[in-house]
Number of protein chains: 4
Amino acid sequence: MAKVAFIGLGNMGGPMAVNLVKAGHQVCVFDLFPEAVAKVVAQGATTADSLPASVAGADFIISMLPAGKHVEGLYLGDDGLINHISPGSLVIDSSTIDKATVIKVSTVLAEKGINFIDAPVSGGVGGAQAGTLSFMVGGNEADFNKAKPILENMGKNIFLAGAHGAGQVAKVCNNMLLAILMSGTSEALQLGMDNGLDPKVLSEIMLQSSGRNWTLEVYNPCPGVMENVPSSNDYNGGFMTDLMAKDLGLAMDTAVQSQSATPMGTLARSLFALHAGKGNGSKDFSSIIKMFEKA
Amino acid sequence: MAKVAFIGLGNMGGPMAVNLVKAGHQVCVFDLFPEAVAKVVAQGATTADSLPASVAGADFIISMLPAGKHVEGLYLGDDGLINHISPGSLVIDSSTIDKATVIKVSTVLAEKGINFIDAPVSGGVGGAQAGTLSFMVGGNEADFNKAKPILENMGKNIFLAGAHGAGQVAKVCNNMLLAILMSGTSEALQLGMDNGLDPKVLSEIMLQSSGRNWTLEVYNPCPGVMENVPSSNDYNGGFMTDLMAKDLGLAMDTAVQSQSATPMGTLARSLFALHAGKGNGSKDFSSIIKMFEKA
Amino acid sequence: MAKVAFIGLGNMGGPMAVNLVKAGHQVCVFDLFPEAVAKVVAQGATTADSLPASVAGADFIISMLPAGKHVEGLYLGDDGLINHISPGSLVIDSSTIDKATVIKVSTVLAEKGINFIDAPVSGGVGGAQAGTLSFMVGGNEADFNKAKPILENMGKNIFLAGAHGAGQVAKVCNNMLLAILMSGTSEALQLGMDNGLDPKVLSEIMLQSSGRNWTLEVYNPCPGVMENVPSSNDYNGGFMTDLMAKDLGLAMDTAVQSQSATPMGTLARSLFALHAGKGNGSKDFSSIIKMFEKA
Amino acid sequence: MAKVAFIGLGNMGGPMAVNLVKAGHQVCVFDLFPEAVAKVVAQGATTADSLPASVAGADFIISMLPAGKHVEGLYLGDDGLINHISPGSLVIDSSTIDKATVIKVSTVLAEKGINFIDAPVSGGVGGAQAGTLSFMVGGNEADFNKAKPILENMGKNIFLAGAHGAGQVAKVCNNMLLAILMSGTSEALQLGMDNGLDPKVLSEIMLQSSGRNWTLEVYNPCPGVMENVPSSNDYNGGFMTDLMAKDLGLAMDTAVQSQSATPMGTLARSLFALHAGKGNGSKDFSSIIKMFEKA
């Protein structure tokens with residue numbers, strides 16, 4: 001059993017921390033919202049009076065925060081955790097943030113003997129609750145191996161993507177591709193419907209042909225084709241358009257940094273931004289198909 | 001056993017006709033190139049002195065031609081087959097052509113009591129030889145059911161997409177989506193590589209995540225990731241960039257006709273046209289990833 | 001004074017014919033709608049009982065029709081005008097159609113000794129009425145010189161773009177570029193507004209900088225920046241989104257035929273198609289800026 | 001005559017500083033490269049031993065640096081100029097940087113009573129030498145009015161775009177639009193050439209029609225159409241593709257921050273990034289037309 005500090009108990013972090021508790025670890029949690037803390041404490045976690053106190057003696061420090069600036073602030077800011085984490089401990093940051101921040105934070109922590117891996121996840125709130133997340137890890141192999149048993153308490157697929165930052169890059173690439181799959185599948189289905197095809201039939205054909213992709217398999221954007229997906233629930237639940245747009249913004253940042261050309265990916269960002277801009281930001285991202293439908 | 005006339009014995013039509021012979025049908029073939037005819041005759045087909053003679057008494061007339069104008073010319077042109085096919089026969093056109101030509105030809109043939117289905121294929125030369133093509137059929141259900149046993153001698157998946165023209169629409173939608181998958185996957189892999197990731201590792205991660213699609217499963221565009229695919233054979237074999245560009249041209253025609261917006265699909269066409277324009281037209285279409293690579 | 005037959009008296013053709021009458025020519029007009037004919041006759045034109053009669057003895061036959069199929073039907077169809085126009089006459093087709101039809105019609109007419117130029121226009125209904133259209137002519141120089149005085153009665157700028165079909169190509173290129181200017185300018189203005197800039201100020205800056213273009217000069221898409229433009233009249237009048245979408249469809253056809261890559265142009269088509277699809281087809285095309293505005 | 005400190009004497013900053021000297025101002029210059037300093041000193045400027053010394057007693061501090069991090073470092077870094085500039089002085093930053101840095105630097109300087117405007121330029125090295133730059137200013141009106149006479153010694157058009165950061169936003173919008181104009185014009189010209197048109201003739205037609213834009217007026221991308229432009233000099237001189245790609249990266253950042261959709265602008269970035277990636281980064285940006293040309 002390990003001693004784990006868990007910081008950031010939102011929709012994702014909360015259930016992840018609970019799964020660690022259930023696995024038998026000694027988990028001390030921290031969040032700015034007392035209600036979020038209370039929920040996890042009710043499942044058996046402990047908490048502390050202060051951030052520094054929460055990490056005292058922890059073997060693993062896991063953080064799940066909204067953006068790069070929060071992660072940098074947490075570890076390197078005024079009285080940051082860098083001054084409180086024991087050397088030899090392993091920081092696992094599961095936030096989805098930019099690679100540059102990962103490099104900066106991991107480098108500065110390393111100077112104090114603190115180990116770090118970036119470990120963003122995919123799988124959504126459902127995966128966090130069910131403990132079936134995918135983790136895409138950036139860091140060295142020893143740290144990856146050390147973290148793996150812990151991550152396996154929260155997820156199903158644990159990948160080592162490469163060195164520090166590689167976890168973030170892998171996630172950004174995957175989600176950019178997902179956005180392309182979803183908008184491409186949507187316009188193909190709509191083109192078929194505009195020409196008289198039944199979307200159920202066309203989905204079935206493409207699923208068994210070279211157009212097959214994850215969205216056709218488990219997340220069809222067209223209402224009525226598949227049960228138990230957001231498109232058949234008025235685009236509620238699922239992965240919000242605003243969050244996809246945020247991830248695509250990170251993809252653009254990454255492409256600008258490496259001077260890469262990503263024409264399909266940046267077009268997808270523009271489409272999701274257009275869609276969000278018309279008031280659909282909190283709907284599931286598969287609602288993009290509605291953009292292609294004639295009024 | 002049926003009496004079948006087969007017209008158009010190119011890279012696709014030739015092996016398709018051979019498979020019908022092997023299945024025990026009485027097959028009379030026709031092509032403008034004597035060598036193409038000779039090859040199929042050597043496998044047991046017969047031939048005829050003229051096009052009209054080749055269809056005499058046939059239950060099924062199958063055509064596999066390059067473009068809509070050839071199909072229209074064959075059936076409706078000066079002394080077209082419309083004057084020679086027996087009423088009650090079934091025409092199966094497996095060419096990949098525009099929907100408008102399908103509607104025109106099928107309508108005019110119907111006035112003479114000749115039945116018609118459009119039945120374009122996917123699966124390439126390999127599928128034609130192995131008899132594992134997919135057929136996407138447009139037409140009425142009775143004709144579909146009548147054709148099905150014949151098509152099953154040449155293919156594995158036989159879909160009824162809808163009314164006349166629906167086969168062509170389904171194919172166009174599927175291939176447009178395939179082009180999107182291939183260019184999207186290529187730029188995601190290149191973005192990862194530009195940021196230090198190993199394409200094998202990134203492919204594996206995305207294959208098990210929401211970026212999964214047919215190209216990652218069986219047709220990875222990055223050399224060395226997968227064996228026995230065009231990318232590991234210097235982009236030889238496979239599906240030529242020029243043919244993908246042709247199919248995307250049909251997709252654009254279809255979208256213009258139905259006034260549909262296909263931003264991802266038409267961007268993919270531009271990318272493949274750029275790629276073909278730089279001398280890569282006869283390379284496999286997965287070579288599009290080379291466009292994203294820095295020189 | 002010339003003897004002119006004018007066929008097709010719509011929003012454009014009607015006022016063009018009237019300008020020829022005003023210039024003193026002997027004009028015989030024809031249209032399927034009697035009201036359209038009556039209007040021009042009221043200005044001094046004559047008419048005829050039948051299409052063939054309308055072109056009898058004419059030095060110039062001018063046609064202004066909606067699409068290529070109408071032009072082909074008019075001249076080459078059953079009892080087409082090819083059988084009625086006097087050899088040595090000059091056909092001036094001002095319809096906006098595809099290059100392929102131009103080549104076909106001009107070639108067949110030439111076999112009968114009938115000359116032909118394609119002469120599509122830009123300048124809209126206002127330009128047709130004011131006699132300030134631009135003509136983009138495809139054909140040989142002798143025919144161009146012969147037509148020029150006639151065209152100058154209807155327009156201000158008369159360009160010889162090249163051989164047969166070149167007039168259509170020039171128009172398609174220009175209008176594709178216009179669509180790019182309008183959507184690009186719109187998103188630049190909206191990006192500025194989203195970041196707190198006054199569109200009037202930003203328009204003024206870009207107009208005097210390297211972003212200068214026709215839309216900023218005379219057709220600003222942002223309401224209130226300029227007087228007497230559609231954007232300041234609720235996007236009424238001007239050039240309908242549906243017509244721009246039609247021209248962009250011709251641009252796509254042209255690009256597919258010549259296997260050219262036009263990524264910006266085809267993206268513009270998708271944007272205008274999306275915009276039209278949401279019920280904005282009859283609004284002026286500068287209303288595209290509303291697509292970029294957050295709801 | 002004013003006392004001016006000028007920091008950053010690159011290709012742009014050097015000639016700008018010289019123009020201030022020529023206008024009679026007392027100019028103290030600083031740069032990390034002694035040769036750059038020597039050149040301007042040879043024209044009558046003074047220099048100082050250290051950065052702090054260079055700004056002592058200056059009424060105006062002008063900086064011209066490559067990126068946001070340099071500007072932030074200069075003013076707010078360890079021993080930054082914030083500690084050495086006299087309250088009441090006016091900082092004029094002419095670097096092209098992100099809006100967020102402008103807001104941060106101007107806000108922190110304001111707390112010390114130091115005034116700030118952002119004043120990025122357009123017009124290139126030629127404009128810097130000739131004193132014909134355009135300045136796009138963000139800041140309050142009093143500071144703008146105070147700076148104007150100084151800016152007029154270096155430029156011709158001095159615009160107040162809005163509050164702090166607005167100068168940067170205006171520049172980003174203009175340059176994004178310029179990239180759209182250049183790539184759109186290039187593909188329109190190439191489409192015409194692919195269909196047999198003479199680019200000189202087509203340029204002339206579009207210049208006098210609704211396709212008119214700055215690139216057709218003064219910067220035609222097609223070799224031989226215009227004299228004394230980069231395209232007629234093997235794409236040497238002018239505005240490097242790499243710099244355009246950098247500006248488009250800033251446009252993407254801006255769009256991500258304000259959650260704006262810029263489909264044409266981000267597609268243009270991808271095209272310029274593709275072009276740069278194939279070894280054309282140091283060629284003039286009008287060489288993008290070569291991407292559309294068939295090999």
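Source: prediction; values computed, not measured. (Residues numbered from 1 in each chain as written. Chains lettered and ligands numbered in written order. Predicted model: local features only at pLDDT ≥ 70, side-chain atom pairs only at ≥ 80, totals over all residues.)

Caption draft 1: Layout of the overall build of chain A. Assigned secondary structure in chain A consists of 13 helices and nine strands. For chain A, whose C-alpha radius of gyration is 20 Å, the value lies close to the compact-globule estimate of 19 Å for 295 residues. Structurally, chain A occupies a C-alpha span of about 65 × 45 × 35 Å along its principal axes. Evaluated residue by residue, chain A yields a buried proportion of 61% over its 295 residues. Pairs at least 24 apart in sequence give 63% of the contacts found in chain A among residues at least 6 apart. (Helix = DSSP H or I, 4+ residues; strand = E, 2+ residues; numbered from the N terminus. Rg over C-alpha atoms; globule rule 2.2 N^0.38 Å. Buried ≥ 20, exposed ≤ 12 C-beta atoms within 10 Å, placed from the backbone. Contact = placed C-beta atoms within 7 Å.)

Caption draft 2: Structural view of the domain arrangement of chain A. Residue and element names in this part refer to chain A. Taken domain by domain, chain A holds domain 1 (3–163) and domain 2 (169–292). Computed from C-alpha atoms alone, the centre-to-centre distance between domain 1 and domain 2 is 29 Å. Between domain 1 and domain 2, the contact holds eight residues from the first and nine residues from the second. Across the side of domain 1 that touches domain 2, the residue classes tally to three nonpolar, three polar and two charged. (Domains from an automatic or database assignment. Nonpolar A, V, L, I, M, F, W, Y, C, P; charged D, E, K, R; others polar.)

Caption draft 3: The interface of chain C and chain D, seen in detail. Contacts between chain C and chain D engage 55 residues on the former and 55 residues on the latter. At the level of elements, β8 (133–138), β9 (155–162), α8 (166–194), α9 (199–207), α11 (241–257) and α12 (263–280) of chain C are the ones that each hand at least two residues to the side of chain C that touches chain D. Among the residues forming the side of chain C that touches chain D, the class breakdown is 28 nonpolar, 22 polar and five charged.

Caption draft 4: The arrangement of the interface of chain A and chain D in detail. Counting from both sides, the interface comprises 17 residues of chain A and, opposite them, 17 residues of chain D. Taken together, the elements giving at least two residues each to the side of chain A that touches chain D come down to α11 (241–257) and α12 (263–280) of chain A. The element contributing the most residues to the side of chain A that touches chain D is α12(A), with nine residues. Within the side of chain A that touches chain D, the residues separate by chemical class into nine nonpolar, seven polar and one charged.

Caption draft 5: Inspection of the relation of the copies chain A and chain D at higher detail. Overlay of chain A on chain D (RMSD 0.1 Å): rotation 180°, translation along the axis 0.1 Å. What we have between these two chains is a two-fold relation. Both copies contact each other with a shared surface, as 100% of the interface residues of chain A are interface residues in chain D too. (Least-squares fit on C-alpha atoms with pLDDT ≥ 70 in both.)

Caption draft 6: Spatial organisation of the pairing of strand β5 (residues 90–93) of chain A. Residues and elements named next belong to chain A. Because side chains alternate across β5, one face comprises the buried residues L90 and I92, and the other comprises V91 and D93, equally buried. Two elements, strand β4 (residues 60–63) and β5, share four bridges in a ladder whose sense is parallel. By the bridge assignment for β5, I61 is matched with V91. Crossover handedness for the path β4 to helix α4 (residues 68–76) to β5: right-handed. For β5 and strand β6 (residues 115–118), the ladder comprises four bridges, and the chain directions are parallel. For V91, the partnering residue across the bridge sits in β6 and is F116. (Pairing = 2+ DSSP bridges. Right-handed = clockwise from strand over helix to strand, strands pointing away.)

Caption draft 7: The arrangement of the packing of helix α12 (residues 263–280) of chain B against α12(C) in detail. At a closest axis distance of 9 Å, the pairing of α12(B) and α12(C) adopts a crossing angle of 165°. Here α12(B) is positioned roughly antiparallel relative to α12(C), judged by the angle of their axes. Classified by chirality, the crossing of α12(C) by α12(B) is right-handed. Each of P263(B), T266(B), L267(B), R269(B) and S270(B) in α12(B) lies in contact with α12(C), whose residues at this interface are P263(C), T266(C), L267(C), R269(C) and S270(C). (Axes fitted to C-alpha atoms, helices over the stretch in contact; angles between N-to-C directions. Parallel < 35°, antiparallel > 145°, perpendicular 65-115°, else oblique. Left-handed = near helix turned anticlockwise from the far one by under 90°.)

Caption draft 8: Region of interest: the environment of T241(C). Residue and element names in this part refer to chain C. Tracing the backbone through its elements, the reader meets T241 in helix α11. Owing to 25 C-beta atoms within 10 Å, T241 belongs among the buried residues under this scheme. Counting along the chain gives 34 residues from T241 to L207, while the straight-line C-alpha distance between them is 24 Å. Setting aside its immediate chain neighbours within four residues, T241 contacts F272, H275, A276, N280, G281, K283, F285 and S287.

Caption draft 9: Spotlight on helix α1 (residues 13–22) of chain D. Residue and element names in this part refer to chain D. Among the ten residues of α1, nine are classified as buried, and the element is accordingly described as predominantly covered. For α1, the full list of buried residues reads G13, G14, P15, M16, A17, V18, N19, L20 and V21. Within two residues after α1, G24 carries a phi angle of roughly 100°, on the positive side.

Caption draft 10: Here's a closer look at the pairing of β9(C). All names here are of chain C. Examined bridge by bridge, β8 and β9 share six bridges and lie parallel to one another. In the strand pairing of β9, L133 is matched with G155. Viewed along the sheet, the connection from β8 through helix α7 (residues 141–152) into β9 turns out right-handed.

Caption draft 11: How the structure looks around the confidence of the model for chain A. For chain A, the mean per-residue pLDDT works out to 96, and 100% of the residues sit at or above 70. Our summary of model confidence lists the complex with pTM equal to 0.95 and ipTM equal to 0.95. (pLDDT = per-residue confidence, 0-100.)

Caption draft 12: Spotlight on the packing of helix α9 (residues 199–207) of chain A against helix α8 (residues 166–194) of chain B. Between α9(A) and α8(B), whose axes approach to 10 Å, the crossing angle comes to 55°. Our classification of the angle between α9(A) and α8(B) gives oblique. For the pair α9(A) and α8(B), the crossing hand works out as right-handed. Along the contact surface, α9(A) presents L202(A), I205(A) and M206(A), while α8(B) presents A170(B), C173(B), N174(B) and L177(B). Here the contact of α9(A) with α8(B) is composed, by residue class, of six nonpolar, one polar and no charged.

Caption draft 13: The environment of A245(C), seen in detail. Within the secondary structure, A245(C) is located in helix α11. Judged by the 25 C-beta atoms lying within 10 Å of it, A245(C) falls in the buried class. Taking the C-alpha atoms as reference points, A245(C) and Q168(C), separated by 77 residues in sequence, lie 16 Å from one another. For A245(C), the contacting residues outside a window of four places in its chain are Q259(B), R269(C), F272(C), A273(C) and A276(C).

Caption draft 14: Region of the structure containing the environment of A100(A). Within the secondary structure, A100(A) is located in helix α5 (residues 99–111). In sequence terms A100(A) and A147(A) are 47 residues apart; their C-alpha atoms lie 22 Å from each other.

Caption draft 15: Examining unusual backbone geometry more closely. In this structure, D79(A) takes a positive phi of about 50° despite not being glycine. With respect to the helices and strands, D79(A) occurs in the loop between α4 and β5. Its 10 C-beta neighbours within 10 Å are what place D79(A) among the exposed residues. One non-glycine residue, Y235(C), lies in the positive phi region at around 65°.

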